[in-house]
Amino acid sequence: MFELIEAYDLKLQAFDAFKKTQQLDPKDLRMKVEGYKSYLEIYYGLFDLGANFYNGKEYENAFNSFTKAGEVKDFILSKQYTYAEVKLYPLDTALVLNTAIAAMQAKNTEGAVTNYRKLTDANVSGESYLEVYEYLADY
């Protein structure tokens, strides 16, 4: 798991470095030329790390990775970056659900409730979301 933790830390450092570079040099041609794909790669990388941590039963690390993936997605959307290969949405139901489940497995009730509420507040419904509503009702 050490490699995963190191990868997580490096992705966060890269995200911070990219943002800092843009703050210091708004013309940042490198990011413009590449179409800001480095941010998308960080998002995907954090999401994948979350899944790997979860599969390894490292639930707190999974929760943190999924949470950070959400922060990167929100940053991308706030900057209005778009990509031909994927469209990002303000409410990524898969990401929010994975974040909540990882929190629940990590015994992080606040994290689970916060993320499940994102789904219920958006009136996400369907049979696959029944457990979300049951969890909040029990809470």
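### Structural notes on the nonpolar core
So, point 1. Judged by nonpolar contacts, the single largest core of 27 residues is most densely connected at Tyr39, Tyr43, Leu46, Val72, Ile76, Tyr81 and Tyr83.
So, point 2. Counting only elements with at least two residues in this core, the list comes to α1 (2-24), α3 (37-55), α4 (59-79) and α5 (93-105).
So, point 3. Those residues within four positions of Tyr39 in sequence are excluded, and the remaining contacts are Phe15, Phe18, Lys19, Gln22, Met31, Val72, Phe75, Ile76, Tyr81 and Tyr83.
So, point 4. Counting residues in hydrophobic clusters, the runner-up holds 10 residues, among them Val113, Tyr116, Leu119 and Leu136.

### Regarding α4
So, point 1. Here α4 is 21 residues long and its end C-alpha atoms lie 30 Å apart, about the 30 Å a rise of 1.5 Å per residue gives.
So, point 2. Listed in full, the buried residues belonging to α4 are Tyr59, Ala62, Phe63, Ser65, Phe66, Ala69, Gly70, Val72, Lys73, Phe75 and Ile76.
So, point 3. Looking at the buried positions of α4, the neighbouring elements they touch are α1, α3, α5 and α6 (109-121).
So, point 4. Residue Gln80 follows α4 closely and has a positive phi angle near 60°.

### Digging into the side chain of Lys73
So, point 1. Note that Lys73 resides in helix α4.
So, point 2. By relative accessible area, Lys73 is classed as buried at 4%.
So, point 3. Excluding anything up to four places from it in sequence, Lys73 contacts Tyr43, Leu88, Tyr89, Pro90, Asp92 and Leu95.

### Considerations on the packing of aromatic side chains
Each aromatic ring pair is summarised here by two numbers: the centre-to-centre distance and the angle between the ring planes.
So, point 1. Inspection of every chain in the model, using the stated rule, returns 11 aromatic pairs.
So, point 2. Taking 5.4 Å as the distance between ring centres and 65° as the angle between the ring planes, the aromatic pair formed by Phe47 and Phe66 counts as edge-to-face. Remark: Phe66 occurs in helix α4 and Phe47 occurs in helix α3; sequence separation between them is 19 residues.
So, point 3. Phe66 gets classed as buried once you look at its relative accessible area, which sits at 3%.

Calculation criteria
- Residues numbered from 1 in each chain as written.
- Predicted model: local features only at pLDDT ≥ 70, side-chain atom pairs only at ≥ 80, totals over all residues.
- Heavy atoms only, no water.
- Core = buried A, V, L, I, M, F, W, Y, C linked by side-chain atoms within 4.5 Å.
- Buried < 20%, exposed > 50% of the residue type's maximum accessible area, 1.4 Å probe, protein only.
- Helix = DSSP H or I, 4+ residues; strand = E, 2+ residues; numbered from the N terminus.
- Contact = heavy atoms within 4.5 Å.
- Expected span 1.5 Å × (residues − 1).
- Phe/Tyr/Trp six-rings, centres within 6.5 Å; stacked < 30°, edge-to-face > 60°.

So far we have only geometry, and geometry alone does not tell us how the molecule works.
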